[in-house]
Amino acid sequence: MSAEKKDRMGGCGGEDDNDEELGLLTYSHRSYEAITLTTQSAGSTITQDGDALLHFVPEAQQSLQSQQQVGVIRFALSGVRKNAVPGVVIQALALVVVLGYYYAPPITAGFNQIAGLKSQMGFFYAAISTMLFGGFLPWLVVTLQDCRSSLANGQPLPKWTTVLGDGAFLCLLFIERGVEVDAFYKLQAYVFGSGADLTTIAWKVLVDEFVYSPFWATPFYIVAFGLKDCGYNPRVLVSTWDWTAARFKYVSSLLSTWLIWLPVCTLVYALPGALQVPLFNLVLCFYTLLLVFINKNNNNTQQHEQQPQQQHDEQHEQQPCRA
């Protein structure tokens, strides 16, 4: 695929398995596959690639728009299916933690100590813990896996400047995320109260999932990881920005958020305010690491399935040509 086409498809990033593994909170930031539709009209062939719309007859344009909408939906559903198993696991984990806090005295005592620490440290606790669980630990696991895979396959190790740069980016990103999420939880408690009744929880979840996520959190992640993929160069990000690619990522991320994280969000708000960030961090770290290992297993399976075909192709190429 040409560099020009990649730029039109979603900017700078391209397909990056590490970015997919670190697509935290299911915010996908990989470039989407181009939508190509060839339409015969008035004896001419018209090709639609991404959102580079060409002027042609209205019937063909409507067909392209319909095809593009179907592509967005398929892309979003693909992301949901890929994250379904980790999503169910973290929902179960969050449920166990909440039930343990309310009905298991040893767990209650342990979480009360964490709540006391959180109350003393305030935003500093949110920043450091979210950086550790959301940024540093997942980055470390992915980096070690990449190094191990490179050594096993006889490939050069990743460039240390890129690895450290990505680690610094993720740590800084989740320091900001930790402070922001903690402040948002405090704002919710100020507006709706700190109770754990159904009405209070429902209002907080509605604002979280249908105001905060679609209008701020999801766009923020898309832009942030887009900046990372562009080498942290804002000018490159602006010059290569593609609204069709952004729409694909936005719809996929938002749909995954609603279907996977909405139950988790409900359980987070069922806890006292001082324990909401700790539960968020625990679920975030577990979910991310689970995605890493699932993606690694999928990649290994695909490589294993491709090896027999590659061997067959090599044997075929070695055979003498016949007329």
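It should be emphasised that the depicted structure is a prediction, and the values quoted were computed from it without experimental measurement.

**Side note on the packing of aromatic side chains**
The relation between two aromatic rings is expressed through the spacing of the ring centres and the mutual angle of the planes.
Working step 1: Applying the stated criterion across every chain yields a total of 15 aromatic pairs.
Working step 2: Look at Phe192 and Trp203: their rings are 5.9 Å apart centre to centre, the planes differ by 10°, and that puts the pair in the stacked class. Taken together, the residues span a long stretch of sequence, with Phe192 in helix H7 (residues 160-192) and Trp203 in helix H8 (residues 198-229) at a distance of eleven residues.
Working step 3: Members of the aromatic cluster, joined through ring pairs, are Phe169, Phe174, Trp216, Phe220, Tyr221, Phe225 and Tyr232.
Working step 4: Over the ring of Phe123 we find Lys186; its NZ or CZ atom is 5.7 Å from the centre of that ring.

**Examining the pattern of salt bridges**
Working step 1: Applying the stated rule across the entire model yields five salt bridges.
Working step 2: For Glu176, the salt bridge goes to Arg177, with nearest N and O atoms at 2.9 Å.
Working step 3: Accessibility expressed as a relative area gives 31% for Glu176, which makes it partly exposed.
Working step 4: With a relative accessible area of 3%, Arg177 lands in the buried category.
Working step 5: Residues Glu180 and Arg177 are paired through a salt bridge, measuring 2.4 Å at the closest nitrogen-oxygen approach. You can see Glu180 and its partner Arg177 sitting in helix H7, three residues apart, about one turn around the helix.
Working step 6: One salt-bridge network, held together by shared partners, links Asp166, Lys228 and Asp229.

**Focus: the side chain of Glu209**
Working step 1: The residue Glu209 is located in helix H8 in this model.
Working step 2: In this structure, Glu209 is buried with no salt-bridge partner, the nearest side chain bearing the opposite charge being Arg177 at 12 Å.
Working step 3: Apart from the residues within four sequence positions on either side, Glu209 is in contact with Pro214, Thr257, Trp258, Trp261, Leu262 and Cys265.

**Thoughts on the confidence of the model for the protein chain**
Working step 1: The predicted model of the protein chain has a mean per-residue pLDDT of 74, with 65% of residues at 70 or higher.
Working step 2: Across the protein chain, the secondary-structure element scoring lowest on mean pLDDT is strand E1 (residues 36-41), at 30, and the one scoring highest is H7, at 93.
Working step 3: Note on residues 14-65: pLDDT under 50 across the span, and 120 contacts to partners over four residues away in sequence or across chains.
Working step 4: Scored below 50 in pLDDT, residues 315-323 makes zero contacts in the model with residues more than four places away or belonging to other chains.

**A word on the packing of helix H6 (residues 123-152) against H7**
Working step 1: Here H6 crosses H7 at 145°, and the two axes come no closer than 7 Å. In this structure, H6 meets H7 at a crossing whose hand is right-handed.

**Details of unusual backbone geometry**
Working step 1: Of note, the phi angle at Tyr232 is positive, near 60°, even though the residue is not glycine.
Working step 2: Mapped onto the secondary structure, Tyr232 falls in the loop between H8 and helix H9 (234-239).

**A word on the side chain of Asp242**
Working step 1: Here Asp242 shows up in the loop between H9 and helix H10 (243-268).
Working step 2: Of the polar contacts made by the side chain of Asp242, one reaches the backbone nitrogen of Thr244; its length is 2.9 Å.

**Quick word on a nonpolar patch on the surface**
Working step 1: Together, Trp203, Leu206, Phe210, Val211 and Phe215 give the surface a local cluster of nonpolar side chains, amounting to about 550 Å² of exposed area.
Working step 2: Relative to the helices and strands, Phe210 resides in helix H8.

What counts, and where the lines are drawn
Residues numbered from 1 in each chain as written. Predicted model: local features only at pLDDT ≥ 70, side-chain atom pairs only at ≥ 80, totals over all residues. Heavy atoms only, no water. Phe/Tyr/Trp six-rings, centres within 6.5 Å; stacked < 30°, edge-to-face > 60°. Helix = DSSP H or I, 4+ residues; strand = E, 2+ residues; numbered from the N terminus. Lys NZ or Arg CZ within 6 Å of the ring centre and 35° of its normal. Salt bridge = Lys/Arg side-chain N within 4 Å of Asp/Glu carboxyl O. Buried < 20%, exposed > 50% of the residue type's maximum accessible area, 1.4 Å probe, protein only. Lys, Arg positive; Asp, Glu negative; His and termini not counted. Contact = heavy atoms within 4.5 Å. pLDDT = per-residue confidence, 0-100. Axes fitted to C-alpha atoms, helices over the stretch in contact; angles between N-to-C directions. Left-handed = near helix turned anticlockwise from the far one by under 90°. Polar contact = N/O pair within 3.5 Å; in protein donor to acceptor, adjacent residues only side chain to side chain. Patch = residues over 30% accessible without salt bridge, like charges linked within 9 Å, V, L, I, M, F, W, Y side chains within 5 Å. Areas by Shrake-Rupley, 256 points an atom, 1.4 Å probe, with all protein chains shown as cover.

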